[in-house]
Amino acid sequence: MDAKSRILSRIRHALKGMPKALLPEHPHPALAQDPAELFLKRLAENGAEGHLVDKEGARKLLADLAQGLPGAAYGKGVPDAFRLLPELPPEEAPLGVSRALFAVAETGTVALSSEDGRRVQLLPPVHLVLVEEEKVYPSLLEAFLDLKSFPSAIGLHSGPSKSADIGQVMVKGVHGPGRLVVAVLQGSW
Amino acid sequence: MQVKAKLYPKEAARLLREHPGVREAVTGATLHFEANRKRAYQEIDAEIWRERARRVKDHLLTHLDHYLELAEKRLQEKGVRVYWAEGPEEAHRILREIVARHGVKRAVKAKSMLTEELGVNPLLESLGVEVYETDLGEYLIQLLGEPPSHIVGPAIHLALSDIQRLFHGRFGTPLDASPEALAAVARKVLREAFLTADLGISGANFLVAETGTLALMENEGNIRLSTSLPRVHVAFVGIEKLLPRFADLALFLPLTARAATGQRLSTYVSLIQGPAKEGEEGPKEVHVVLVDHGRTTLLHDPEAWEVLRCLRCGACLNACPVYRQTGGHPYGYVYSGPIGAVLDPGLLGLEDTYPLPYASTLCGACYEACPVKIPIPKLLLTWRKRAVERGLAPTWERGAIQAFSKVMQSPSLYRFFSKALRGLPLPQDLLPLLKAWTEGRGPLRPSPKPFHQLWQELKE
Ligand code: SF4
């Protein structure tokens with residue numbers, strides 16, 4: 001017998017005669033207020049920055065972030081309108097710009113797909129994430145129940161990279177970006 | 001990992017004597033975690049969340065064969081290679097083959113308790129692979145050659161000055177370097193490792209059977225990097241880590257984060273579905289090793305199996321007044337604190353671990369903290385009872401307890417002994433009970449007046 005059959009047969013033996021526990025239903029999601037507003041609040045509490053912007057405001061935000069920088073790395077889904085700076089490889093870029101799959105208000109989270117590019121999400125010290133307002137879900141449960149296609153990896157990012165492993169002092173930007181900025185985009189794109 | 005749990009009482013006393021700073025560092029860190037957890041539980045209806053999580057895990061465990069096969073099927077459909085391993089031997093064989101096939105020279109590792117169980121680092125080193133632990137705390141203890149002392153904060157026993165000294169010797173940083181400066185040095189070394197490693201190794205917080213999704217939680221970004229940059233990713237997953245449905249993550253991710261650190265969600269969660277697709281960044285191969293290593297033995301044990309619900313959040317460690325005194329090292333195995341005291345005997349056998357269930361005051365704080373409501377105090381008593389039944393507890397203990405209960409039941413005997421012992425110079429080294437205590441500690445000093453006398457005086 002191989003390891004698989006041995007392990008499974010031991011499990012079946014152990015479970016014989018054991019009462020089977022029922023799987024509880026998922027709870028009903030709580031009624032949401034304005035998810036975008038809650039999202040921005042939670043982001044701030046997580047140590048990230050969030051802005052609710054229209055097209056013009058978004059470009060201004062990007063211009064501010066880009067000031068004095070030689071270039072940026074871009075996710076595949078980032079519209080041309082946001083590619084103000086020359087493109088640099090993520091290993092060298094001082095700024096990464098990604099487009100999120102969706103966002104979650106209750107936890108202050110953006111969900112990033114591997115299809116958009118993983119390095120741009122992780123290597124530059126500053127990360128700007130774009131997400132459409134209608135893609136902000138009130139809760140994780142609603143977002144997960146709604147998810148139909150699964151890219152090879154999804155990263156849920158809820159703030160800047162941090163660690164308190166050195167003498168219990170909080171340090172930002174340990175491995176991932178030390179600064180996370182999210183632009184919630186209003187209107188059509 | 002070598003098991004030294006039998007030495008717990010001695011090692012705990014030695015640590016307190018030789019490294020008094022550890023108690024302060026661990027107490028500070030765990031009280032901080034514990035306060036954050038309490039605040040985070042108050043924000044939600046914690047009782048409902050915990051009860052639901054308990055029920056999902058119980059369902060999973062009582063249908064474990066079904067969900068394991070489903071997970072394997074879903075993973076394979078997405079191009080993940082799945083292996084099954086009884087324990088270290090098979091796990092090593094699998095890893096050795098992958099290392100050889102890809103000519104792996106350098107590996108980056110995301111913190112995983114299971115890989116500690118399996119001794120993955122020593123194996124890789126013996127194969128000539130350079131291994132980098134990439135969680136900052138784990139990297140620190142790797143440099144020191146120590147095992148982790150906490151499930152979530154592996155280096156909480158180290159004070160800032162310990163790390164300043166370590167980095168001074170290692171990288172020539174000044175002795176008063178700030179935490180930011182030290183982190184920047186580690187970041188540089190590890191960034192280089194991420195960019196050049198051939199292999200990324202991780203554990204998993206959860207494996208969703210329905211979709212074949214590996215879920216990993218962290219705050220630094222090192223797990224995302226370890227599972228994204230190298231061309232091969234190997235994940236070691238304990239067979240109890242499964243969840244039935246993808247949407248169960250909506251409960252378990254935030255609940256684990258709240259229990260572990262008091263966050264609403266960990267800063268990063270990786271949800272991994274398989275190797276990178278054509279033209280996409282990411283590992284070209286993903287391997288999942290499903291590991292038993294004692295779990296099926298526990299499943300067989302109707303009095304002890306509930307411990308398999310454990311999420312490894314560390315909340316019971318933070319809540320424990322006994323763990324707080326020493327941190328995890330004296331427990332002598334990967335899992336320490338309350339969870340270690342009820343998991344280690346189940347995984348390794350009571351013969352090698354019998355002192356651990358005694359490392360508790362049975363105050364119940366661990367149960368209150370546990371996100372999946374594992375009845376740790378009840379399980380501690382189960383293991384203690386077994387230790388006595390199997391004659392593992394020291395023989396003097398039984399006699400001492402019997403004598404003690406006689407004395408305690410008779411006021412006149414109690415009064416007599418309380419006076420007699422108080423008057424005598426204590427024969428510290430004659431009584432084994434006292435010796436076990438006095439070894440490594442100061443002498444016992446009885447208070448001049450007995451308690452019942454003080455109580456009387458107080459009342460008057
Ligand atoms: S026993 Fe409970 S509290 Fe302790 S680590 Fe496991 S899940 Fe967390």
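In case you missed it, the structure is sitting above this.
Residues numbered from 1 in each chain as written. Chains lettered and ligands numbered in written order. Predicted model: local features only at pLDDT ≥ 70, side-chain atom pairs only at ≥ 80, totals over all residues. Heavy atoms only, no water.

Asker: Looking at this structure, I do not really get the pairing of strand β6 (residues 126-132) of chain A. What am I missing?
Answerer: The side chains of a regular strand alternate between both faces of the sheet. Residue and element names in this part refer to chain A. In terms of burial, β6 is largely enclosed, as 7 of its 7 residues are buried. Where burial is concerned, the two faces of β6 agree: the one with V126, L128, L130 and E132 and the one with H127, V129 and V131 are both buried. Note that strand β3 (residues 95-99) and β6 share 5 bridges and pair parallel. Note on β6: the bridge partner recorded for G96 is H127. Sheet topology note: the β6/strand β11 (residues 179-185) ladder contains 7 bridges and is parallel. Bridge pairing in β11 links V126 to R179. (Buried < 20%, exposed > 50% of the residue type's maximum accessible area, 1.4 Å probe, protein only. Helix = DSSP H or I, 4+ residues; strand = E, 2+ residues; numbered from the N terminus. Pairing = 2+ DSSP bridges.)

Asker: Could you clarify how one ought to interpret the packing of helix α1 (residues 3-15) of chain A against helix α4 (residues 64-77) of chain B in this entry?
Answerer: In a packed pair of helices, the relevant descriptors are the angle between the two axes and the axis-to-axis distance. For the pair α1 of chain A and α4 of chain B, interaxial distance at closest approach is 9 Å and the crossing angle is 150 degrees. Relative to α4 of chain B, α1 of chain A is oriented roughly antiparallel. Between α1 of chain A, through K4, L8, I11, R12 and L15 of chain A, and α4 of chain B, the contact on the second element is made entirely by L64, D65, L68, E69 and E72 of chain B. Along the lines of polarity and charge, the residues of the contact of α1 of chain A with α4 of chain B split into 5 nonpolar, no polar and 5 charged. (Axes fitted to C-alpha atoms, helices over the stretch in contact; angles between N-to-C directions. Parallel < 35°, antiparallel > 145°, perpendicular 65-115°, else oblique. Contact = heavy atoms within 4.5 Å. Nonpolar A, V, L, I, M, F, W, Y, C, P; charged D, E, K, R; others polar.)

Asker: Honestly, the pairing of β3 of chain A in this entry has me stumped. Any pointers?
Answerer: Residue and element names in this part refer to chain A. Of all 5 residues in β3, 4 are buried, a share of seventy percent or more. Of the pairings in the sheet, the one linking strand β2 (residues 73-74) to β3 comprises 2 bridges and is parallel in character. Along β3, the bridge assignment pairs Y74 with V97.

Asker: Is there a simple way to explain the nonpolar core in this structure?
Answerer: Counting 109 residues, the largest nonpolar core has F144 of chain A together with L249, L253 and L299 of chain B as the members making the most contacts within it. A per-element tally of this core places helix α12 (residues 249-261) of chain B first, with 7 residues. Once residues within four sequence positions are removed from consideration, L249 of chain B is found in contact with F144 of chain A together with F206, V208, A215, L243, P254 and L271 of chain B. Listed in part, the 27 residues of the second largest apolar core include I166 of chain A together with I163, L182 and A197 of chain B. (Core = buried A, V, L, I, M, F, W, Y, C linked by side-chain atoms within 4.5 Å.)

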